[in-house]
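Working through the structure, step by step
One-letter residues, chain by chain:
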Amino acid sequence: MKDQSEAEPEEYKIVYSLDGSSDLFTKYFMANDSEGARGMFEFVCKKNDLVASVDSVEKWNRWSSKWEVQEKLDSSA
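It should be emphasised that the depicted structure is a prediction, and the values quoted were computed from it without experimental measurement. (Residues numbered from 1 in each chain as written. Predicted model: local features only at pLDDT ≥ 70, side-chain atom pairs only at ≥ 80, totals over all residues. Heavy atoms only, no water.)

**Focus on the side chain of N61**
Short version of the rule: Only runs of H or I of at least four residues qualify as helices and only runs of E of at least two qualify as strands under DSSP, and these elements are numbered from the N terminus. Only protein chains enter the accessibility calculation, which uses a 1.4 Å probe; a residue whose area is less than 20% of its type maximum is buried, one above 50% is exposed, and one in between is partly exposed. Counting of polar contacts relies on pairs of N or O atoms within 3.5 Å, with two restrictions inside protein: one atom must be capable of donating a hydrogen and the other of accepting it, and residues adjacent in sequence are counted only when both atoms are side-chain atoms. Two residues form a contact once any of their heavy atoms are found within 4.5 Å.
Mapped onto the elements, N61 comes out in strand 3 (residues 52–61). When its relative accessible area of 18% is taken as the criterion, N61 is described as buried. Here E68 takes part through its side chain, which lies 2.7 Å from a polar atom of the side chain of N61. When sequence neighbours within four positions are dropped, the list of residues in contact with N61 reads K66 and E68.

**Let's talk about the nonpolar core**
Basically, it comes down to this: As used here, the term nonpolar core means buried Ala, Val, Leu, Ile, Met, Phe, Trp, Tyr and Cys residues forming a set that is joined through side-chain atoms within 4.5 Å.
Counting residues in each nonpolar core, the largest one holds 12 residues, listed as Y12, I14, Y16, F29, A31, A37, F41, V44, C45, A52, V54 and V57. For this core, the secondary structure elements donating two or more residues are strand 1 (10–18), strand 2 (25–31), helix 1 (34–47) and strand 3. A per-element tally of this core places helix 1 first, with four residues. In this view, A37 contacts Y12, I14, F29 and A31; residues no more than four positions away in its chain are not counted.

Written out as structure tokens, the structure is:
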């Protein structure tokens, strides 16, 4: 069996809104955990000078073919 350091990345979806907007947007990332996906999202926001509020972080469950909520929140990235 593979240990944690050799784990295959999984698909994460970050649902967010931009500052001053009520619309929700989505970005997808391949990461080993939800913390890694949030870190990548924060990097993208910083790089592109975006002020975003995360609504949820979801992980794709390939066995049941559906998104599973990992974090439901509303904080600035």
